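Chain residues, written in single-letter form:
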Amino acid sequence: MALEWYELTALTGAKEFLVTSVKLKETNIEIKGEFEIAPLAKLSDEDQVFVAHFIRTHGSIKEMEQAFGVSYPTIKARLNKIGSQLQFVEISPVSKKEEIITQLEQGEITAKEAAEKLRSSYGA
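Overview of the structure. Keep in mind that this is a model prediction, so the values were computed, not measured.

Calculation notes
- Residues numbered from 1 in each chain as written.
- Predicted model: local features only at pLDDT ≥ 70, side-chain atom pairs only at ≥ 80, totals over all residues.
- Heavy atoms only, no water.
- Helix = DSSP H or I, 4+ residues; strand = E, 2+ residues; numbered from the N terminus.
- Rg over C-alpha atoms; globule rule 2.2 N^0.38 Å.
- Buried < 20%, exposed > 50% of the residue type's maximum accessible area, 1.4 Å probe, protein only.
- Contact = heavy atoms within 4.5 Å.
- Areas by Shrake-Rupley, 256 points an atom, 1.4 Å probe, with all protein chains shown as cover.
- Patch = residues over 30% accessible without salt bridge, like charges linked within 9 Å, V, L, I, M, F, W, Y side chains within 5 Å.
- Salt bridge = Lys/Arg side-chain N within 4 Å of Asp/Glu carboxyl O.
- Pairing = 2+ DSSP bridges.
- Axes fitted to C-alpha atoms, helices over the stretch in contact; angles between N-to-C directions.
- Parallel < 35°, antiparallel > 145°, perpendicular 65-115°, else oblique.
- Left-handed = near helix turned anticlockwise from the far one by under 90°.
- Nonpolar A, V, L, I, M, F, W, Y, C, P; charged D, E, K, R; others polar.

## Some points on the overall build of the protein
Looking only at helices and strands, one finds six helices and two strands in the protein. Counting from the amino terminus, helix and strand elements in the protein follow one another as α-β-β-α-α-α-α-α. Taken against the 2.2 N^0.38 rule, which gives 14 Å for 124 residues, the C-alpha radius of gyration of the protein at 23 Å runs more than 25% over that of a compact globule. Buried positions account for 15% of the 124 residues belonging to the protein. Partitioning the intrachain contacts of the protein with sequence separation of at least 6 by distance along the chain shows that 30% fall at a separation of at least 24. A total accessible area of about 10,100 Å² is found for the protein, and carbon and sulfur atoms account for 57% of it.

## A word on unusual backbone geometry
For N28, which is not glycine, the phi torsion reads 65 degrees and is therefore positive. With respect to the helices and strands, the residue N28 is situated in the loop between β1 (19-23) and β2 (30-35). Here H58, not a glycine, exhibits a phi torsion of approximately 60 degrees, which is positive. Residue position: H58 is located in the loop between α2 (45-56) and α3 (61-68). The exposure class assigned to H58 is exposed, which follows from its relative accessible area of 76%.

## Quick notes on a nonpolar patch on the surface
Among the surface-exposed residues, V22, L24, I29 and I31 lie close enough to one another that they form a single nonpolar patch of about 300 Å² accessible area. Its place among the elements puts L24 in the loop between β1 and β2.

## Considerations on the side chain of D47
Counting through the fold element by element, D47 comes out in helix α2. The class of D47 is buried, set by a relative accessible area of 4%. Discounting chain neighbours no more than four positions away, the residues touching D47 are R78, K81, I82 and Q85.

## Focus on the pairing of β1
Here four bridges tie β1 to β2, and the two strands are oriented antiparallel to one another. Within the sheet, the bridge partner assigned to V22 lies in β2 and is I31. Taken together, β1 and the strand that follows it, β2, pair antiparallel across an intervening segment of six residues, in which N28 is found at a positive phi of about 65 degrees.

## Some details on the packing of α2 against helix α4 (residues 72-85)
As a packed pair, α2 and α4 sit with axes 11 Å apart at the nearest point and diverge in direction by 110 degrees. It follows from the interaxial angle that α2 and α4 lie roughly perpendicular. Between α2 and α4 lies a crossing of left-handed hand. Where α2 approaches α4, its residues E46, D47, F50, V51 and F54 are matched on the opposing element by I75, R78, L79, K81, I82 and Q85. In the contact of α2 with α4, the residues fall into six nonpolar, one polar and four charged.

## Remarks on the packing of α3 against α4
Contact geometry for α3 and α4: axes closest at 9 Å, N-to-C directions at 100 degrees. As judged from the angle between their axes, α3 and α4 are roughly perpendicular. Side by side, α3 and α4 meet where I61, M64 and E65 of the first sit next to Y72, I75, K76 and L79 of the second.

What is shown is where atoms sit, not what they do.
And the structure:
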């Protein structure tokens with residue numbers, strides 16, 4: 001019998017756990033090993049519900065206030081608390097110039113095409 005996610009969360013409480021088996025329902029293939037769960041799955045079930053509702057409301061704090069019956073500062077505090085539990089990956093945007101050079105290096109465009117793109121992007 002499969003446990004629902006909230007039941008698993010209730011059983012483990014705030015303790016960390018490791019998933020050691022994954023089974024594909026359609027094929028009955030089972031994979032054994034050590035698998036870390038996704039960061040959002042590590043949140044309490046209440047926080048998971050909160051995040052899901054936040055996404056459904058497209059980040060509208062006003063709608064969150066109405067749904068949960070709490071004030072703006074309370075919603076912000078809860079978001080900050082949840083955010084502090086998640087690790088974020090820093091992403092640096094790639095410049096147009098770097099993108100063109102990468103395309104050239106990977107053989108996706110010719111040197112002539114790269115020069116044309118650089119001229120049109122930088123007005124040279």
